[in-house]
Each structure stands twice: as C-alpha cells, then as structure tokens.
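One letter stands for each residue in the lines below.
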Amino acid sequence: MHFTILKNDSSSLARRGVLHTAHGDVQTPVFMPVGTQGSVKAMCNYELEQLDAEIILGNTYHLNLRPGMELMQQAGGLHKFMNWNRAILTDSGGFQVFSLSKLSKKTRDGIFFQSHLDGSRLFMGPRESMEIQRILASDIAMVFDECTAWPATWDEARLSLETTLRWAHESRQQPRADGQLVFGIVQGSTYADLRLRAIEEIAAMDFDGIAIGGVSVGEPEKSMLEVLDICVPALPPQLPHYLMGVGTPRQLIAGILRGIDMFDCVLPTRLGRNGSAYTPTGTIPVKAARYKDDFTPIQEDCGCYACKNHSRAYIRHLLHTGEILGARLMTTHNLYFFINLMRQARQHLEQGTFATFAENIMQTYPEA
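Not measured: the values here are computed from a predicted model.

**Student:** Which parts of the structure should I look at to understand the environment of leucine 161?
**Tutor:** For leucine 161, the position within the fold is in helix H7 (residues 154–172). Accessibility expressed as a relative area gives 0% for leucine 161, which makes it buried. The spacing of leucine 161 and arginine 197 is 36 residues in sequence and 9.2 Å in space, taken between C-alpha atoms. Contacts of leucine 161, omitting those with residues within four sequence positions, involve Gln187, Leu194, Arg197 and Ala198.

**Student:** What is the right way to read the sheet that holds strand S4 (residues 30–32) from this model?
**Tutor:** Think of a sheet as strands paired side by side through backbone hydrogen bonds, with each pair either parallel or antiparallel. Spatially, S4-S14-S13-S12-S11-S10-S6-S5 is the arrangement adopted by the 8 strands of the open sheet, whose pairing is parallel. Sheet topology places S4 and strand S5 (55–59) at the edges, where each strand pairs with a single neighbour. For this sheet the average axis-to-axis angle between neighbouring strands, irrespective of direction, equals 25°. Relative to strand S12 (residues 209–212), strand S11 (residues 181–186) runs parallel, the two being bridged by 4 bridges. For valine 186, the partnering residue across the bridge sits in S12 and is isoleucine 212.

**Student:** So what exactly am I meant to see when it comes to the layout of surface pockets here?
**Tutor:** One water molecule sets the probe size; rolling that probe over the atoms shows where empty space is left. Looking at the largest pocket, its volume works out to about 1,100 Å³. Forming the boundary of the largest pocket are 47 residues, of which Phe95, Gly245, Asp264, Cys265 and Val266 lie nearest the centre. Mapped onto the lining of the largest pocket, the elements with two or more residues apiece are S5, helix H5 (94–99), helix H9 (221–231), helix H10 (249–257) and helix H11 (267–273). Per element, the largest residue contribution to the lining of the largest pocket is 4 residues, and it comes from H11. The residue makeup of the lining of the largest pocket, split by class, is 19 nonpolar, 18 polar and 10 charged.

Thresholds applied
Residues numbered from 1 in each chain as written. Predicted model: local features only at pLDDT ≥ 70, side-chain atom pairs only at ≥ 80, totals over all residues. Heavy atoms only, no water. Helix = DSSP H or I, 4+ residues; strand = E, 2+ residues; numbered from the N terminus. Buried < 20%, exposed > 50% of the residue type's maximum accessible area, 1.4 Å probe, protein only. Contact = heavy atoms within 4.5 Å. Pairing = 2+ DSSP bridges. Axes fitted to C-alpha atoms, helices over the stretch in contact; angles between N-to-C directions. 1 Å grid on protein atoms, 1.4 Å probe; cavity = no way out; pocket = protein on both sides within 12 Å on 5 of 7 lines; lining within 4 Å. Points joined across faces, edges and corners; volume = space filled by probe spheres on them. Nonpolar A, V, L, I, M, F, W, Y, C, P; charged D, E, K, R; others polar.

Okay, here's the thing in structure tokens:
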C-alpha cells in the first residue's frame with residue numbers, strides 16, 4: 001500500500017497518514033509548495049529542506065515549454081535536473097490550458113492552444129500530458145482533465161465532466177515512470193449529481209489517489225466547502241485525498257476537517273513577494289508604513305530564519321528598495337508558517353485535540 005492511515009479523528013473526517021513515494025515518505029496532512037518551473041520561487045533546495053518540505057509541485061505545461069522534454073531526458077528527469085531528492089507531484093497542465101481558454105480549441109483527443117510565451121500553436125491531450133510526466137519522472141502524476149469554469153450551467157458541467165472522464169481513462173492506460181503514482185481528478189462544478197458520478201467512475205479506474213479539482217476558480221468559499229461536503233464522504237477512504245489549488249490557512253483546516261490529506265497553493269509565496277506575512281493572529285502587511293521602525297520579528301515565536309535573524313523594519317526596507325532578499329525572507333516565513341501549520345495539525349490529530357486547534361484557526365482567519 002502506498003498510503004497508510006495512522007489515525008482517524010473522532011470528531012471529524014480528518015485523518016493522520018503517510019504517503020509512500022519513490023523519493024520518500026510524505027507525512028499527511030501536507031501542504032505542498034508550488035515549484036511551477038522546477039523551482040519554488042525565491043527558494044533554493046537547501047532552504048526547502050530546512051523548512052521540512054517533503055514534497056513540492058512541478059508543472060507539465062510550463063516545463064514542456066521550457067526547458068523542454070529533450071533537455072529533461074538528457075538530465076534524467078526533473079529530480080536530477082533540479083537536484084531535488086524528495087517527492088515531486090506534477091500537475092497535468094490541464095488548469096494552465098484552461099486558463100488559456102481564449103487561445104484554445106478543444107477536440108475529442110485534447111486541446112489546441114497558443115503558447116503564452118510566443119503564440120506558437122501547440123496541442124496537449126492525455127497521451128501528451130502523461131508522456132511529459134513520464135519523462136519528468138515525478139513521484140505523482142495527475143491525469144489530464146478539463147477544469148470546469150465557474151459559474152457553469154449543469155449542461156456545461158456535464159459535457160466538461162464527460163471529457164474529463166474520457167481523458168482520465170486514457171491517462172490511466174499510458175506508460176508511467178518506474179514507481180510513479182497516478183491520481184485521478186474529480187470535476188463536476190458545484191452539482192452534487194455530477195460530482196458523485198465523477199467519484200464513482202474515477203474510483204472504478206483504480207488510481208493511486210484522488211483529487212478534487214475545479215475549485216478555487218472564482219467561486220465563493222461557501223461553494224467550495226459545499227463541494228467538499230458532497231465529495232469527501234464518497235471518496236475511497238483508503239486513497240489519499242488531494243484538494244487542488246487551495247488555499248488560505250482557514251481553507252486548509254476546513255479541508256482537513258472534511259478529510260483532505262494534500263494541499264497546494266501559490267498564496268504563501270505570492271503574498272510573501274508582495275509584502276504580506278501570515279501569522280497566528282492573521283496576515284500583516286509588512287510593507288506598510290507603520291512597520292518602518294518596528295524592530296520586532298514578523299512573528300515573535302516563529303522558528304524560521306527570517307524571524308530569528310531580522311526585524312520587520314529591515315525586511316520592509318528590503319521590500320521597498322526592491323532587494324531580492326526581501327522577497328526571499330518573506331517567502332521563507334510564509335512557507336514555514338504553512339508547513340508548520342500542517343505539522344501542528346498532525347500533532348493535534350495524534351493527540352486527539354484537533355477540534356480545538358481547528359476552531360482557533362477558523363476564528364483567527366474568518367471567511368473572506
């Protein structure tokens with residue numbers, strides 16, 4: 001078995017587990033830093049290891065454009081290319097192609113689209129996506145799916161889901177790298193009947209894990225949580241559950257309460273570069289004028305390098321002068337906060353105190 005559940009929470013669907021991959025065990029619940037182009041922005045691998053990031057993301061679409069699969073084959077795969085010895089999950093590229101919808105045309109076999117770099121005409125379908133991921137040799141490959149736009153009518157969502165299910169079946173049949181796991185993706189917009197149909201058919205394909213896609217695409221948080229309440233009780237309990245592209249600290253905890261094991265999101269790195277820091281009492285705008293002469297750390301009890309060594313005033317100065325170190329220190333802190341949040345969640349699940357911990361986070365980070 002590649003996924004072991006160590007403990008189930010007595011008051012919710014939350015669970016503490018371990019995901020076994022070709023490049024080591026991943027403790028769950030887990031937050032996965034996003035390294036779209038083979039790099040988590042502003043971070044080097046040593047720093048990610050110091051933060052105890054056990055798994056990061058790469059992206060099929062972007063890596064296929066640059067540096068391309070010919071070079072990746074020469075390098076021996078993404079792990080060797082970037083010298084990262086821990087686990088990697090690769091997104092299928094479906095969301096990126098979805099985001100280029102104005103430049104794309106869907107066919108039964110995949111999508112023709114224009115490169116966001118030079119406008120060249122490209123094609124990607126399940127065969128192409130899975131072949132790229134085989135060459136990348138990620139530990140976890142995601143099936144190629146069609147991300148459903150929001151809002152969508154029932155008919156639009158149904159047609160999109162049928163495409164996703166057909167492509168999932170085809171993705172499942174493609175060759176994979178040695179030891180590579182493949183996760184299916186559940187779509188269906190906000191419609192319960194479509195989501196449940198998706199789960200039934202994806203589960204029957206016998207994937208190694210199952211993801212909930214088509215959220216965090218503009219819908220209100222309430223709708224996202226409703227989708228989780230529909231989906232997670234019906235997901236195969238023995239498989240790892242992955243909520244794609246989510247989210248805020250509140251949303252991570254809400255997801256864990258509902259039985260989600262894996263998360264990824266660009267928020268900690270993106271907001272960090274823009275000058276906002278996550279703390280146990282909420283976010284603070286470090287770039288704001290009121291921190292000009294604040295010589296305390298971003299967070300007093302934080303164990304990250306930025307907080308141990310530098311003040312808000314210094315980091316604000318770096319951000320305002322455009323020094324790269326400012327973005328690096330902010331990113332370091334925010335990733336530490338997210339990874340440590342998951343570490344605390346796991347500890348509270350082990351101790352049977354997760355309900356109280358979760359309530360505190362939900363109150364600190366109210367719904368936006």
